[in-house]
Structures are given as C-alpha cells and as structure tokens.
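Here are the chains, one letter per residue:
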Amino acid sequence: NAKGERWELQLKGAGPTPYSRTADGRAVLRSSVREYLCSEAMFHLGVPTTRALSLVLTGDDVVRDMFYDGNAKPEPGAVVCRVAPSFIRFGNFELPASRGDVETLRKLLDYTISRDFPAIASKHQGKESYLELLREVCRTTALMTAHWMRVGYVHGVMNTDNMSILGLTIDYGPYGWVDNYDPEWTPNTTDGMRGRYKFGNQPGVAFWNLVRLANALYPVVEDVEPLQGVLVEFETAMTKHMSEMHRQKLGLAEWRGEEDEGLYAELCKCMEKQETDMTILFRKLGDLPVKTGGKDEGALLDMLQDAFYKPLKEPAEAEWKSWLSKYAKRVKEDDASDAERKEVMNKANPKYVLRNFIAQQAIDAAADGDFSLVEEVLEVMRRPYDEQSKDMEAKYFIKRPDWAKSKPGCSALSCSS
C-alpha cells in the first residue's frame, strides 16, 4: 500500500481452491458474521489479530450440520475477506518436515524470513536465522496469548494450523468469551470432554504448539540444545506479559512478584467459586473509592453486586470481604489516586467484549435479512474501553442472560462453517 506495507487478502467461503481436500470450501452466514465481528473486536481491544475487510452474502444456500449430530440443514452462504501481512501458520512447516522433505522446508523458511522478517534476514543466515525466527515467534505468541487471557477470549481450537507465524489471532471458529470466570470453560463442543483448549490451558497449549514448530525446524537446525534454549524464552516472556497485564487489571503502580500474584490468584478463586462475570467485575473494580470513599469492605462489596450471577452467601461473602480488605491495603500503599488507578484499569479492562449471546443475536437478525444489529455491534466493539450511551450500556454491558445458557451459538459452538 502507500505506506509500503504488505497485506494478503484471503477469501473464506468462496469455494474450492487448489489446496482443498474433500470439503466444498463454502461458509455459512453464521460463522462468517462471527469471524467478521470478532476479528474487528479483537483489533480494537488491542489484541494481535487478522482483520476483516468485508462480508458479503453469496445468494446460495450451504448445507451444514452445526453440531455434527446428523441434523444437517441449508443455511445462507457468505464470504469473508480477511486481511493480514501473512497467513503462514506453524503447520506449514510441519508438513514438509513430516515428509522428510528438507529441501522444501528450507525453501519455505528462507522465503518466510526474507518476506516477513526482514530484520532477521539482514543480520542472520542459515541455522542462526531459523533459531531467530523461532525466538521471534515465541515472543509474539506469548504476547498474543497473554492478551487473550487479559480480555477473557477462548480460541477454542488451538491446533498448529491455527497458529500464525506472526503471532496473530487467526481462524475464528468455535471461539468464545468468558462470561462467568471459569478457567475450565471451553466453547468448542468437540473439545468438551478433553478440555484441551479451555481458557486456563491456553498458555500451555501455545507452548506445546511452539514445541511442535521447534520439532519441525530440527531437520535444518540439526541440534536440539539451541532449540530448547529458545523455547525457554517463551515461558519467560509469558510470565513477564501476564504479570504486567495483571498489574494493569488491578491498577497497581508496580508489580511485587509473588505478593501481588497471590492477590490476583485469590481474586480468581473468589470469582470462580461465586460465578462472577469477569468483564463486569474488573470494570467495576476500577470504580471502587478505595482511598477517598471511606467505605468498609461491605460497602465496597455492594458496589460489585452487578457482577455476580447469584446472590452472595456465606462463606463466599466473607471470602470476598477478606480479599477486598487485602486489595484496599495494597492499593493504599501506592501513591496513585483512585482516579489515576481507574484510568490505568480502564485501559486494561474492557467494558464491552463480543460475548457469545451478543454475536448470536446479530447473527439471528442477519439471517432474517436485517444487518442493522451487526453494524450496531461493530460500532460498539470499536470503542471497547470507552463509556458509551446509556442505551448501549443497557444492551451490551450486561451479564449473560439465562436464556443464553443453553441456546446454540451462545453456550456451545462447533467447527462447522
């Protein structure tokens, strides 16, 4: 483009390509709206991601079995044009490596480095360039995954074919957003039994995928030790990013290591036990007048009631008061005022995220020919950290409704497109 940037355009749902296997290459409106909205929502949340350029109907019906239960039916077809500097994935390197095709593997690596990683290409050659590539991918993957954990995003199908070499969120399939905080939750129906891709597992699965990438590079590096040394850097980067994001989410001026990590972990336990809305809780936490309000733990807890899915009872109430007492004590040790703390927190804790039921309401309206809700949701998600109108707040800054607990598309999703 005019800035000298390189962008790839990719059509999802346009039909078979030379690389298709046995499927028809089509996509339905349901999955296309989800990809379109979420890729843009993630961008405005500050999460590394591919972008969506357009969404169009094809005018054709596409037959899909949404839950793979034998109930296939025709749905409106659609095509999303998605955009990224590169769509190369970890799996692209695994394929030639698995076939023992070292020549093709080396060609792909050299091409990828020269095109997408010019800084590496200008300083390193051969094996060193491959190790530097792995190091950069570890760094960007750690940052991306930490952002997922910060905003409550669950990818749903983190296989190596869905991991971008640039550390971008890619392939929006059975993703979901954490409503009530639950590290065991996965939105993917096909992952329900194993829970491999559940919210709390995402950093571990990201590392597992990087190990698979390192294994794919071994035929050209020919030495295990330097590959292992680079992989260790992922864990270091992941810890660094998570600590910084936890600091911001709690509004602390500095991170005191184990002391503050314990405070954050205790909050997570409280949220999980009480069925607490993650997004609302952290946003409300920034409103607490810890230094200036003269409120005790009970009064502070009253200000968080909107985040709970059920009334507080003992011993949960006592546990929350205990945590708030520790949090207030810790906050008072910082020099920042309540207003300054809130400003930091509101930049890390979004008010609006693309909850599953919000996306599904937009999909249902679009299926009836009304795209106004898709456009409205998109506009709200373009300013996820801002205070918006009372009407938008009443519609989108709310807990998951009871009806959404069992509605398809809200509580459970599949890879079906």
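Here, every reference points to the structure presented above.
Residues numbered from 1 in each chain as written. Predicted model: local features only at pLDDT ≥ 70, side-chain atom pairs only at ≥ 80, totals over all residues. Heavy atoms only, no water.

1. Considering helix α8 (residues 258-274)
Short version of the rule: Only DSSP runs of H or I with at least four residues qualify as helices, and only runs of E with at least two residues qualify as strands; both kinds are numbered from the N terminus onward. Any helix carries an expected span of 1.5 Å times its number of residues minus one. By the convention used here, residues are in contact when the closest approach between their heavy atoms is within 4.5 Å.
For α8, spanning 17 residues, the distance from its first C-alpha to its last is 24 Å, which sits close to the expected 24 Å at 1.5 Å a residue. Contact partners of the buried residues in α8: α7 (224-250), α9 (278-285) and α11 (316-332). At the C-terminal side of α8, Glu275 shows a positive phi close to 55 degrees.

2. Observations concerning empty space enclosed by the protein
Heads up, the condition is: Definitions used throughout: a 1 Å grid over protein atoms alone; a cavity as a set of points that fits a 1.4 Å probe which cannot get out; a pocket as an open set with protein on both sides within 12 Å along at least five of seven lines; a lining residue as one with an atom within 4 Å of a point. Grid points are joined across faces, edges and corners, and a volume is the space filled by probe spheres set on the points. Three classes are used: nonpolar for Ala, Val, Leu, Ile, Met, Phe, Trp, Tyr, Cys and Pro, charged for Asp, Glu, Lys and Arg, and polar for all others, with Gly counted as polar.
A full pass over the atoms with the stated rule returns two cavities of 30 Å³ or more. When its volume is computed, the largest cavity comes out at roughly 50 Å³. Forming the walls of the largest cavity are Arg150, Val151, Lys249, Met278, Thr279, Phe282, Asn349 and Pro350. Elements with a minimum of two residues in the lining of the largest cavity: α5 (126-151) and α9. Looking at the lining of the largest cavity element by element, the count peaks at three residues for α9. Looking at the lining of the largest cavity, its residues break down into four nonpolar, two polar and two charged. Computed from the structure, the second largest cavity encloses a volume of approximately 40 Å³. Around the second largest cavity, the lining residues are Gly251, Lys291, Val331, Asp334, Ala336, Ser337 and Arg341. Residues belonging to the lining of the second largest cavity are distributed by class as follows: two nonpolar, two polar and three charged.

3. Structural notes on the packing of helix α6 (residues 202-221) against α7
Condition: Inter-axis angles, ranging from 0 to 180 degrees, are taken between N-to-C directions of lines fitted to C-alpha atoms, where helices are fitted over the stretch in contact. Here the angle decides the label: under 35 degrees means roughly parallel, over 145 means roughly antiparallel, 65 to 115 means roughly perpendicular, and every other value means oblique. Working rule for handedness: look at the near helix, and if it is turned counterclockwise from the far one by less than a right angle, call the crossing left-handed; if clockwise, right-handed.
For the pair α6 and α7, the least separation of the axes is 10 Å and the interaxial angle reads 160 degrees. As judged from the angle between their axes, α6 and α7 are roughly antiparallel. The two elements α6 and α7 cross, and the hand of that crossing is right-handed. From α6, Pro203, Ala206, Phe207, Leu210, Val211, Ala214, Leu217, Tyr218 and Val221 reach across to α7, where they touch Val224, Pro226, Leu227, Leu231, Phe234, Glu235 and Met238. When the residues that make up the contact of α6 with α7 are grouped by side-chain class, the tally is 15 nonpolar, no polar and one charged.

4. Comments concerning the sheet that holds strand β1 (residues 8-12)
Note the threshold: Think of it this way: DSSP has to see at least two bridges between two strands before they count as a pair.
The three strands lie next to each other as β1-β3-β2, forming an open sheet whose pairing is antiparallel. Two strands lie at the open edges of the sheet, namely β1 and β2 (51-64), each paired on one side alone. Averaged over all pairs of adjacent strands, the angle between their axes in this sheet comes to 15 degrees, without regard to strand direction. One ladder, built from 10 bridges, connects β2 with strand β3 (residues 73-84); its direction is antiparallel. Looking across to β3, one finds that Arg64 is bridged to Lys73. In the packing of helix α1 (residues 29-45) onto the sheet, the strands contacted are β1, β2 and β3, and the crossing angle to β2 comes to about 165 degrees.

5. Things to note about the layout of surface pockets
Taken as a whole, the largest pocket encloses approximately 2000 Å³ of empty space. Where the lining of the largest pocket is concerned, the elements lending two or more residues are β1, α1, β3 and α2 (90-98). Across the lining of the largest pocket, the residue classes tally to 17 nonpolar, 18 polar and 15 charged. Empty space within the second largest pocket amounts to approximately 350 Å³. Secondary-structure elements contributing two or more residues to the lining of the second largest pocket are α1, β3 and α13 (356-367). Classifying every residue of the lining of the second largest pocket gives nine nonpolar, two polar and seven charged.

6. Observations regarding the packing of aromatic side chains
Under the convention used in this document: Aromatic rings from Phe, Tyr and Trp, taking only the six-membered ring of Trp, are treated as a pair when their centres fall within 6.5 Å; an angle between ring planes under 30 degrees marks them as stacked, one over 60 as edge-to-face, and anything in between as tilted. The buried label goes to any residue with under 20% of its type's maximum accessible area, the exposed label to any with over 50%, and the partly exposed label to all in between, with areas taken from a 1.4 Å probe on protein chains only. Ring-over charges, as used throughout, are those where CZ of Arg or NZ of Lys falls within 6 Å of the ring centre and within 35 degrees of the ring normal.
The final tally for this structure, using the stated rule, is 12 aromatic pairs. Seen in terms of ring centroids, Trp323 and Tyr327 are 4.9 Å apart; in terms of plane orientation they differ by 10 degrees. Their pairing is stacked. Of the two residues, Trp323 and Tyr327 are both situated in helix α11; the distance of four residues between them amounts to about one turn of the helix. There is no split in this pair, since Trp323 and Tyr327 are both buried. Among the aromatic residues, those joined into a ring-pair cluster are Trp148, Tyr153, Tyr172, Tyr175 and Trp177. The ring of Phe282 carries Lys249 above its face, with NZ or CZ at 4.1 Å from the centroid. In this arrangement the basic side chain of Arg400 is found over the ring face of Tyr309, its NZ or CZ atom lying 4.7 Å from the centre.

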